[in-house]
Amino acid sequence: MAHARPRRRQRIQALVAAAMLLLSSALFTARLPLAAASARLPNTTARLLLFAGLPSSSPLRAFCPRARPSPATCSAFSSSATMAADNPLLVADFDFPPFDRVEPSHVRPGIRELLTQLEGELEELEKGVEPSWGKLVEPLERITDRLEVIWGMVDHLKAVKDSADLRSAVEEVQPDKVKFLLRLGQSKPIYEAFKAIRNSSDWESLNDARKRIVEAQIKEAVLSGVALEDEQREKFNQIEQELEKLTQKFSENVLDATKKFEKVITDKKEIDGLPATALGLAAQTAVTKQGHENATAENGPWIITLDAPSYIAVMQHARNRALREEVYRAYLTRASSGELDNTDIIAQILKLRLEKAKILGYKNYAEVSMAQKMATVDRVEELLEKLRAASWDHAVKDMEDLKNFAKDSGSPEATDLTHWDLNFWSERLRESKYDINEEALRPYFALPKVMDGLFTLANKLFGVNVEPADGLAPVWHSDVKFYCVKDSSNSPVAYFYFDPYSRPSEKRGGAWMNVVFSRSRVLARNGLPARLPVAHMVCNQTPPVGDKPSLMTFREVETVFHEFGHALQHMLTKQDEGYVAGIRGVEWDAVELPSQFMENWCYHKDTLLSIAKHYETGETLPEEIYAKLVAAKNFRAGTFSLRQIRFASVDMELHTTYDPYGSLSIYDVDRRVAERTQVLAPLPEDRFLCSFSHIFAGGYAAGYYSYKWAEVLSADAFSAFEDAGLDNEKAIVETGRRFRETVLALGGGKSPLEVFVSFRGREPSPEPLLRHNGLLPVAA
C-alpha cells in the first residue's frame, strides 16, 4: 500500500532511537509500545519485541536488554528475535496476512509465542483496568483482534490447504489457545469493569453501538464461566477444552471420509448420462489423484469422488442406478464407521454441551445458544411448524409427480422409487416440464462473466466498484483472486479474497465467507480513520477443465451470490467500533439475511441476462430460457423446504429434549423427526448426522434454524424492491442505497430487528417467503 514504506521508516527510526536509549541505560524500566497495536506489555516482553523487530544483520542485536546480560540471556533473546523474524505468525505489522509464507512448522512456536505475548498484555490490562472506553475496550480489542487475525490465518489454511503436519500442529496448540480464551473470558477485573460502565452515570450518553458492545461483553463473560468458582470453573474449562478437540476431530473425520472414497471407472457404459463437464472433471481427477497421465474425458479412466461437483453430477445424471446407489450410500454414511466413525464423538459432544448448559444454570444447550440470538426456543419451534405445515402437501405432490413421470417414462424403477433415484428423476422431470437442462446451461455461466455481472449489480445497488487487485496481497493458492472494493470517490473501502474451485485433496467442502480483518477505528493504520475490512469467500465449484473456464451450474451461481452477500455486509459496514463492525456482533440468526437476499437477484431479468453470456460465442441466454428458469424456481419447493426443516428440527431436538445418557440413539431422534418432515422415510442405515458439520463442527449448534429464520427476513427485504418496482431503475437504486445504509452499514451496532425496521419500515413477516417459494397463492 502507498503508506506502507513511510510507516516502516518511522518504525525503524523508533527502534533505533529506543536502542540508543537502551545503551544509555535509560530504558531498562520503561514499557515500549507495540508498533502494530499500541498495547502495553510487561518489561521483558516489550524489550524482547524491540530486539525481535530489528533485522538480523543489525549491529544493535549485539546489545542485550539487560544492564548486565549473561551469555545465556543474550542467547535466549537472540533465539526469540530470530523466531519473530523468521516466523510469519509473529510479524507484528502487515497490510495483508502472509498466507503464502505460513508453513505447518510455524504453527507451534508462532502460536505459543503469540499467546505468551498476549498473556502479558492481558495481565498488564488487568492491573490498570478502568471502566472507561480508552482504558478497557480499546486495549481489549487490540488483544482479541491480534489473536483472531493470527489464529484465523492458521484456521483458514487448515480449511483450504489441509495436511497431516498442519493438523498435528493445530491439534497440539489448540488447548493453549482455548486456555487463553478461557482466561480472557473469565477475567473478573475486565468483567467488573464492563459492569461498572453499565452501571455508571455515563451509560445513557453512550451510543447504541457502545451499549451493545458492553452488554455483549457482559453476557459473553457469563457464558464463558466468569461467575463460576473453583470446581465448577475447573469442570467448565475441561468441557471447553474437550469440545474444541472433539469438534476439530469431527471435521477432520468428515474430510478424510470424503477423500477416502474413490471409484475408478474404465468402462464408459458405467457412467452413461454423465455430461461432458462431469466426464472432464472425472478424467482430470484421475490424472491428479492417481497419476493416470493419459486420462481423457472421452476415453477415461474416470474417478468418481464424494466431492460436491462429482457427487451431484452422478446423482442427477448417471443412468446407471447401481452406481447412483453406491455413491449415495457412501455419501450418506460418511464418517460413520471404522476409525473415522463420528457416532461416539457426537454422543460426547451432546453430553458435554448439556453439562456445560447446566453448569451455567440453563436447562439445555439450546437455551445457551439462544442467549445470543434473536429467537427463543419457543419462537423457533413455532416458525418451523408453520413452515412445515405450509410445505407438507406440496412435498407430497412433488413425490407423486415424480413417481408418475418415472412411470410414464416406462422406467422399471417407477414402482420402487427410492433415495438414489430422486435427484435423477427430478432432473429429468424438470427438463421435461420446463425444457431446461442445467448442464446445457453451463456454457452461459462462465465464472469470469458471472463475477462481472455480480460486481455490476453491486455497483447499481450499493454504489461500489469492485476491481481486481491480484498481486497486492499474498494468497494461499494460485486459484485465489484478490479484489479491492471502492466507493463512488474511487477510494478503497474494503478488500476480499475469492477461492472458487474444489480441491478435494486439501480443501473442505461447502462454501463460506469469513473475516480476515474487521473495520476498526482503534486498529486504524496508514493514516486512515479506520482499518479497512478484509474478507475471504470460499466456494467448491467445478474447476476449469482443459482450456475451458469454470462453467457453472445455476446453483453454483446462486452460491456465489450468497457468499458475496455475506462479504458485502462485512465490507460495506460504516461502523467503526471493531466489536460490532460488519458481521461482528450481529446475532447469528440474522447473519444470513444479506446472503439469502442476494440470491434473489439471480432471478432478476436484467441481472441474469447481463451474466448469462455463452463463453465461446458471447450470445446472451435466450429470454425464453430465462422465463423457464423463473418458472422452474419453485420446482419441488415443498421438498426442499422440508429438507431444511428436517435439519433444523433434529438440531433443535438434540439440543433441547434429547437425553444423551438415555436409551434412544441420535439416529432414533432423526428418524422420529423425519416422520413429520420427510415424505420418503430415510434408509435405516442413514447416518447423515455423522457428517452434519454445521452443528457438530461449525457454529450452528441449536442454530441451524437460522437459515429459515433469516430467509424470512431476506424474502421480506427483497419484497421491498418488488414493492418499489423491479423494472423501475430509479426505485431500485434508491431502495438499494437504503439497504446499504441500514442492513449493510449498521453491522452489530443496532439489534437486527431495529436494523430491519429501519430498512423495511415494519417488523418482518413470513408471508413473502412462502409466496416466493410458491407455498402461498401469489395473491396473498
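Per an unreviewed UniProt entry, the protein goes by the name oligopeptidase A and belongs to Urochloa decumbens. Regarding the protein, the UniProt comment filed under Catalytic activity (unreviewed entry) reads as follows: "Hydrolysis of oligopeptides, with broad specificity. Gly or Ala commonly occur as P1 or P1' residues, but more distant residues are also important, as is shown by the fact that Z-Gly-Pro-Gly-|-Gly-Pro-Ala is cleaved, but not Z-(Gly)(5)." Turning to the protein, the UniProt annotation filed under Sequence similarities (unreviewed entry) states: "Belongs to the peptidase M3 family."

J.: Teacher, can you tell me more about the overall build of the protein here?
T.: Within the protein, the regular secondary structure consists of 29 helices and seven strands. The buried share of the protein, reckoned over its 780 residues, is 57%. A total of about 32,600 Å² of accessible surface is found on the protein, and carbon and sulfur atoms cover 50% of it.

J.: What exactly am I supposed to notice about the pattern of salt bridges here?
T.: Any two side chains of opposite charge can pair, on the condition that their charged atoms come close. By the definition in use, this model includes 66 salt bridges. Across the pair D401 and K397 runs a salt bridge, and its minimum N-O distance is 3.2 Å. Highlighted residues: D401 and K397, both in helix 15 (residues 377–408), separated by four residues, approximately one helical turn. A relative accessible area of 25% places D401 in the partly exposed class.

J.: It is not clear to me how the packing of aromatic side chains should be interpreted in this structure. Could you clarify?
T.: The way to describe two aromatic rings as a pair is by their centre distance and the angle between their planes. Within this structure, the stated rule accounts for 41 aromatic pairs. Ring centres of W476 and Y497 lie 5.2 Å apart, and the angle between their planes is 45°; this geometry places the pair in the tilted category. In this pair, W476 is assigned in the loop between strand 3 (465–468) and strand 4 (481–486) and Y497 in strand 5 (residues 492–501), connecting sequence segments 21 residues apart. Put simply, the rings of F462, F597, W601, F718, F721, F739 and F759 pair up and form one aromatic cluster.

J.: What am I meant to see in the nonpolar core here?
T.: Inside soluble globular proteins, nonpolar side chains tend to come together where they are buried. Grouped together as the largest cluster of nonpolar side chains are 168 residues, with contacts concentrated most on F462, F496 and F564. When residues of this core are assigned to their parent elements, the largest contribution, eleven residues, is made by helix 15. Each residue touching F462, except ones within four places of it in the same chain, is listed here: L568, L572, F597, M598, G736, R737, F739, R740 and L744. By size, the runner-up hydrophobic cluster in this structure holds 62 residues, among which are L89, L125, Y191 and F482.

J.: Is there a simple way to think about unusual backbone geometry in this case?
T.: A cis geometry characterises the amide bond from G300 onward to P301, with omega recorded as 0°. For P301, the location among the structural elements is in the loop between helix 10 (276–290) and strand 2 (302–305). Not every positive phi belongs to a glycine, and N526 is a case in point at roughly 55°. Assignment of secondary structure puts N526 in the loop between strand 6 (512–517) and strand 7 (534–541). Judged by its relative accessible area of 6%, N526 falls in the buried class. We note that A702 has phi near 50°; this positive angle belongs to a residue other than glycine. The topology assignment puts A702 in the loop between helix 25 (693–696) and helix 26 (706–724). Classification of A702 by relative accessible area gives buried; the value is 0%.

J.: I'm lost on the pairing of strand 1 (residues 262–265) in this one. Help?
T.: Taken residue by residue, a regular strand's side chains alternate between the two faces of the sheet. Every second residue of strand 1 is oriented toward a common face, the buried set being K263 and I265 and the non-buried set E262 and V264. In this structure, strand 1 lies alongside strand 2, joined through four bridges in antiparallel fashion. Within strand 2, the position partnered with I265 by the bridge is W302.

J.: Mind showing me how you'd approach the packing of helix 6 (residues 164–185) against helix 9 (residues 230–260) here?
T.: Two packed helices can be described by the angle between their axes and the distance between those axes. Two elements in contact, helix 6 and helix 9, have axes separated by 10 Å at closest approach and are oriented at 150°. By the angle between their directions, the pair helix 6 and helix 9 is classed as roughly antiparallel. Crossing of helix 6 against helix 9: the hand is right-handed. Here R167, Q174, P175, K177, V178, K179 and L182 of helix 6 lie close against helix 9, whose contacting residues are F236, N237, E240, Q241, E244, Q248, E252, L255 and D256. Here the contact of helix 6 with helix 9 is composed, by residue class, of five nonpolar, four polar and seven charged.

J.: Teacher, can you tell me more about the packing of helix 18 (residues 447–462) against helix 27 (residues 729–744) here?
T.: Following both chains from N to C, one finds helix 18 and helix 27 inclined at 85°, their axes separated by 7 Å at the closest point. Judged by the inter-axis angle, helix 18 sits roughly perpendicular to helix 27. Residues N459, K460, L461 and F462 of helix 18 touch helix 27, and the partners they reach there are E729, I732, V733, G736, R737, F739, R740 and L744.

J.: Please explain the confidence of the model for the protein as it appears in this structure.
T.: Chain-level pLDDT for the protein is 88 on average; 89% of the residues reach the 70-or-more range. Throughout residues 1–79 the model reports pLDDT below 50, and contacts reaching past four residues in sequence, or to other chains, amount to 95 contacts.

J.: Which parts of the structure should I look at to understand the sheet that holds strand 5?
T.: Two modes of strand pairing occur in sheets, parallel and antiparallel, and in both the strands are linked by backbone hydrogen bonds. Taken together, the five strands give an open sheet; going across it, the order is 3-4-5-7-6, and neighbouring strands pair in mixed fashion. Pairing within the sheet leaves two strands with one partner each, and these edge strands are strand 3 and strand 6. Averaged over all pairs of adjacent strands, the angle between their axes in this sheet comes to 25°, without regard to strand direction. Pairing between strand 5 and strand 7: six bridges, direction parallel. Opposite Y501, over in strand 7, you have Q541 as the bridge partner. Lying over the sheet, helix 5 (residues 133–160) contacts strand 5, strand 6 and strand 7, oriented at roughly 150° with respect to strand 6. Most of the contacts of helix 18 go to strand 5, to which it runs at about 155°, and overall it touches strand 3, strand 4, strand 5 and strand 7.

Conventions we followed
One numbering rule holds for all chains: residues counted from 1, following each sequence as written. Two thresholds apply to this predicted model, a pLDDT of at least 70 for residue-level local features and 80 or more for giving and counting side-chain atom pairs, whereas whole-chain, interface and lining totals are computed over all residues. The basis for the side-chain values is all heavy atoms of the structure; hydrogens and waters are excluded. UniProt positions are given in the numbering used here, feature names are shortened, and annotations may be inferred rather than shown by experiment. We count a stretch as a helix when DSSP gives it H or I for four or more residues in a row; a strand needs E for two or more, and each element gets its number in order from the N terminus. The buried label goes to any residue with under 20% of its type's maximum accessible area, the exposed label to any with over 50%, and the partly exposed label to all in between, with areas taken from a 1.4 Å probe on protein chains only. Every accessible area reported is derived by Shrake-Rupley at a probe size of 1.4 Å, with residue values counting cover from the shown protein chains alone. The salt bridge criterion pairs a side-chain nitrogen of Lys or Arg with a carboxyl oxygen of Asp or Glu, the two atoms within 4 Å. For Phe, Tyr and Trp, where Trp contributes only its six-membered ring, two rings pair if their centres lie within 6.5 Å, and the inter-plane angle classes them as stacked under 30 degrees, edge-to-face over 60, or tilted in between. Within this scheme, the nonpolar core is defined by two criteria: the residues are buried Ala, Val, Leu, Ile, Met, Phe, Trp, Tyr or Cys, and they are joined through side-chain atoms within 4.5 Å. We call two residues contacting when some pair of their heavy atoms lies within 4.5 Å. DSSP-based pairing: two strands are paired if at least 2 bridges between them are found. The angle between two axes is taken between their N-to-C directions and runs from 0 to 180 degrees, where each axis is a line fitted to C-alpha atoms and a helix contributes only its stretch in contact. Each angle receives one of four descriptions, namely roughly parallel if under 35 degrees, roughly antiparallel if over 145, roughly perpendicular if within 65 to 115, and oblique otherwise. Crossings are sorted by hand: turned counterclockwise from the far helix by less than a right angle, the near helix makes the crossing left-handed, and turned clockwise it makes it right-handed. Each residue is assigned to one of three groups, with Ala, Val, Leu, Ile, Met, Phe, Trp, Tyr, Cys and Pro labelled nonpolar, Asp, Glu, Lys and Arg labelled charged, and all others, Gly among them, labelled polar. Each residue carries a pLDDT score, the predictor's own confidence in it, on a scale running from 0 to 100.

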